[in-house]
Amino acid sequence: MNRTYRAVVGVLATALLAVTLTGCGSPSSWIAKKYQRVGTDTYRSSLPPQAVAAAINRKFKAIDRVDDLATLGSGSGIFLRYPRLVVGVTPYGPGSRITVDKPAGGYNRYYSHVGRRWSAPGSNGWNSHGIPSFRGGGPGSGK
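Just so it is clear, the structure is predicted and the values come from calculations on it, not from any experiment.

Chemist: Could you give an account of the confidence of the model for the chain, with specific residues and numbers?
Modeler: In this model, the chain carries a mean pLDDT of 82, and residues with pLDDT of at least 70 account for 76%. Low pLDDT, under 50, characterises residues 15-23; the predicted model gives this stretch one contact beyond four residues in sequence or across chains.

Chemist: Could you give an account of the nonpolar core, naming the residues involved and the relevant values?
Modeler: Ile 31, Tyr 35, Ile 56, Tyr 82, Val 87 and Ile 98 are the most contacted members of the largest nonpolar core, which has 19 residues in total. Only α2 (27-34), α3 (49-59), β4 (78-82), β5 (85-92) and β6 (95-101) provide two or more residues apiece to this core. It is α3 that contributes the most residues to this core, four residues altogether. Once residues lying within four places of it in the same chain are set aside, the contact partners of Ile 31 are Tyr 43, Ile 56, Val 87, Ile 98 and Val 100.

Chemist: Tell me what's going on with the pairing of strand β3 (residues 64-67), and back it up with residues and numbers.
Modeler: Taking every second residue as pointing to the same face, the buried face of β3 carries Asp 64 and Val 66, while none of Arg 65 and Asp 67 on the other face is buried. For β3 and β4, the ladder comprises four bridges, and the chain directions are antiparallel. Its bridge partner lying in β4, Arg 65 is registered against Leu 80.

Chemist: So what's going on with the sheet that holds strand β2 (residues 42-45)? Which residues, and what values?
Modeler: Spatially, the six strands line up as an open sheet ordered β1-β2-β6-β5-β4-β3, and their pairing is antiparallel. On the outer flanks of this sheet lie β1 (36-39) and β3, each paired with one strand and no other. Within this sheet the neighbouring strands show an average axis-to-axis angle of 25 degrees, counted without direction. As paired strands, β1 and β2 are joined by three bridges and run antiparallel to one another.

Chemist: With reference to specific residues and values, describe the packing of aromatic side chains.
Modeler: Scanning the entire structure with this criterion turns up five aromatic pairs. Their ring planes at 40 degrees and their centres at 4.6 Å tell us that Phe 79 and Tyr 110 sit as a pair that is tilted. Here the residue Phe 79 occupies a position in strand β4, and Tyr 110 occupies one in the loop between α5 (103-109) and α6 (111-114), the gap between them amounting to 31 residues. On the basis of relative accessible area, Tyr 110 is assigned to the buried category, the value being 7%.

What counts as what
- Residues numbered from 1 in each chain as written.
- Predicted model: local features only at pLDDT ≥ 70, side-chain atom pairs only at ≥ 80, totals over all residues.
- Heavy atoms only, no water.
- pLDDT = per-residue confidence, 0-100.
- Contact = heavy atoms within 4.5 Å.
- Core = buried A, V, L, I, M, F, W, Y, C linked by side-chain atoms within 4.5 Å.
- Buried < 20%, exposed > 50% of the residue type's maximum accessible area, 1.4 Å probe, protein only.
- Helix = DSSP H or I, 4+ residues; strand = E, 2+ residues; numbered from the N terminus.
- Pairing = 2+ DSSP bridges.
- Axes fitted to C-alpha atoms, helices over the stretch in contact; angles between N-to-C directions.
- Phe/Tyr/Trp six-rings, centres within 6.5 Å; stacked < 30°, edge-to-face > 60°.

Now the structure itself:
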């Protein structure tokens, strides 16, 4: 009985750990499930940008966040930086438009908003501290 009990507890602990590690998913898959898709990696919500960005950031803590809604109004948004994604939440009528881009695409799309604040992403996006990830180099690299 003791051996069976340990085996059952071990299996349950392993299953719980697997669910915990994979249950959150990624920001892009969570956004796709939660919001209405209107295009490739573009979604819509009836909630204002501040509420949408707060919900996304609560679920997945961003490395950095730029919010220029107060200063630029409807021509701006809230931009969340993740190691391998940029999420832009901009006004869209009474609600929000949400875009999910790879680091270089999001950085280029929203450069006028984030360019003075964020460094350009490296070939692998940013690390967890927001520093460009770089791998590779020129002649003699890695020798």
